[in-house]
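# Architecture at a glance
Chain residues, written in single-letter form:
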Amino acid sequence: MSKDVQIECRNMWKIFGDDPEGFMERHNGAPTSENLHDEGYIGAVRDVSFDVHAGEILIIMGLSGSGKSTVIRCITRLNDPTAGSIMYEGQDLLAADEKELIDIRRHKMGMVFQNFGLLPHRDVMSNVAFPLEVQGVDKQAREQKAREMIDLVGLGGRESYFPRELSGGQQQRVGIARSLAVEPDVWFLDEPFSALDPLIRAEMQDEFIRLQQMLKKTIVFITHDFEEATKLADRIGIMKDGYLVQLSTPEEMVLNPANDYVAEFARKAPRDRIVSVGAIMTPEAAAGRTSENGVSSRALIGEVAEQVLNADGTVDVVDENMAVIGTLTRQRMSKALFGRDGV
Ligand SMILES: Nc1ncnc2c1ncn2[C@@H]1O[C@H](COP(=O)(O)OP(=O)(O)OP(=O)(O)O)[C@@H](O)[C@H]1O
Ligand SMILES: [Mg+2]
């Protein structure tokens, strides 16, 4: 396993039904959609393989019922996968016994749920300190840690409020603080912002980006919303009917969607903020030329759109040393921005 891989899933299946193991065996470990349908089984996760890299934000997207939550539930072993392997920092999670598992879950993993999942009869302090209480941390130490986390999410002063006295956004901040109290290495968030109205949602996304810049966790984050995904993601995985149909950077997904289903998601993406100049330029064979007024290959197309669209002819694309490595026309820029030629 390479050094920066934190979680490695290989050929993971999760089948729901009366006898999933027997069903898998009858079909040599690779049942088809027809097999599932005919025998009344549900293929929630089907032959899914991917790595989660240390420090990345991996977003999982897909329509309702495509298997997103089940993938996270398998990794955290809230569900047992029917087949496949999951390695966590080189340790075989499926071979771990109950005690090891509880230990990993309590100390290394943090979870945030869509419906907040707060304890209604406990106040903010006690909700955030709860996972530490479960770990057996003494009262003073856990309250100190909880207070730090409450401050971190901007709820200082509300320690003694009860969940019902907080807005949805505030309740989810409590959920976030609680999940961070144990200082997890990996942070799982299952549609954390989808119950919030759009303005609060955008605010929470910014807050999340701010937190991640400080904390640099490894994150697996589920959302329905492609725009949210492109705002937050290092990489996006798209699921359909239990399959992981594409896993790539947002840029790659927008430029080269694997199929129509992915293209449909990518169609709504803000291309100007995702695609870089280098991805759409016409590369120039080592000409040894430099240019003072070229555009950087690393710039996002939205940042230089005006310059390119207003230029008379072709614009040079340069690397960090101002060496020309390609060119860009108005037509190409227009096509990348709007999906069609001409200006
Ligand atoms: N405990 C269960 N028993 C039977 N079927 C289940 C169970 N949990 C999930 N499923 C089924 O597995 C499939 C995938 O469910 P999952 O919750 O992973 O979807 P999802 O992509 O998270 O959907 P949503 O966006 O609605 O949250 C669905 O068809 C669901 O009905
Ligand atoms: Mg779900």
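Here the residue numbers are simple positions, counted from 1 along each chain's written sequence. Starting at A for chains and at 1 for ligands, labels are handed out in the order in which the entities are written. Whole-chain, interface and lining totals are the exception, using all residues; otherwise, since this is a predicted model, local features are given only for residues with pLDDT of at least 70 and side-chain atom pairs are given and counted only at 80 or more.

### A few points about the packing of helix α5 (residues 124-135) against helix α6 (residues 139-152)
Which entries qualify depends on this criterion: To get an axis, fit a line to the C-alpha atoms, keeping to the stretch in contact for a helix; angles then go from 0 to 180 degrees between the N-to-C directions. Going along the chain from the N terminus, every DSSP run of H or I of four or more residues is numbered as a helix, and every run of E of two or more is numbered as a strand. By definition in this entry, angles of less than 35 degrees are roughly parallel, angles greater than 145 are roughly antiparallel, angles of 65 to 115 are roughly perpendicular, and the rest are oblique. Crossing chirality is assigned from the near helix's rotation relative to the far helix, an anticlockwise turn below a right angle marking it left-handed and a clockwise turn marking it right-handed. Placing C-beta atoms from the backbone, we regard two residues as in contact once those atoms come within 7 Å. When residues are grouped by polarity, Ala, Val, Leu, Ile, Met, Phe, Trp, Tyr, Cys and Pro land in nonpolar, Asp, Glu, Lys and Arg in charged, and all others, Gly among them, in polar.
Viewed as axis vectors pointing N to C, α5 and α6 meet at an angle of 125°, and their least axial separation amounts to 9 Å. Compared by their axis directions, α5 and α6 come out oblique. In terms of crossing hand, the pair formed by α5 and α6 is right-handed. Residue-level contacts link V124, M125, V128, A129, L132 and E133 of α5 to R142, E143, K145, A146, M149 and I150 of α6. Grouping the amino acids of the contact of α5 with α6 by side-chain chemistry returns 8 nonpolar, no polar and 4 charged.

### Some words on helix α7 (residues 168-180)
Three- or four-residue spacings in an α-helix give side chains the same orientation, since the helix completes a turn every 3.6 residues. The criterion, for reference: Multiplying one less than the number of residues by 1.5 Å gives the expected span of a helix.
Compared with an ideal rise of 1.5 Å per residue, which puts 13 residues at 18 Å, α7 spans 18 Å between its outermost C-alpha atoms and is within 8% of the ideal. The secondary structure elements touched by the buried residues of α7 are β6 (109-112), α5, α6, β7 (186-190) and α8 (198-215).

### Concerning the environment of A311
Worth spelling out the cut-off: Whether a residue is buried, exposed or partly exposed follows from its count of other C-beta atoms within 10 Å of its own C-beta, namely 20 or more, 12 or fewer, or something in between, respectively; the C-beta atoms are built from the backbone.
Relative to the assigned elements, A311 resides in the loop between α13 (301-310) and β13 (315-318). The class of A311 is partly exposed, set by 17 C-beta atoms lying within 10 Å. Note: C-alpha distance between A311 and D51 (260 residues apart in sequence) is 43 Å.

### Looking at the site of ligand 1
Let me state the cut-off plainly: The criterion for a residue being near a molecule or strand is simple: its C-beta atom, placed using the backbone, must lie within 6 Å of it.
The environment of ligand 1 is made up of F16, I42, A44, G62, S64, G65, S66, G67, K68, S69 and T70. If you list the elements that add at least two residues to the shell around ligand 1, you get β2 (42-53) and α3 (68-75). Here the shell around ligand 1 gets 3 residues from one element, more than from any other, and that element is α3. For the shell around ligand 1, the residue count by class is 3 nonpolar, 7 polar and 1 charged.

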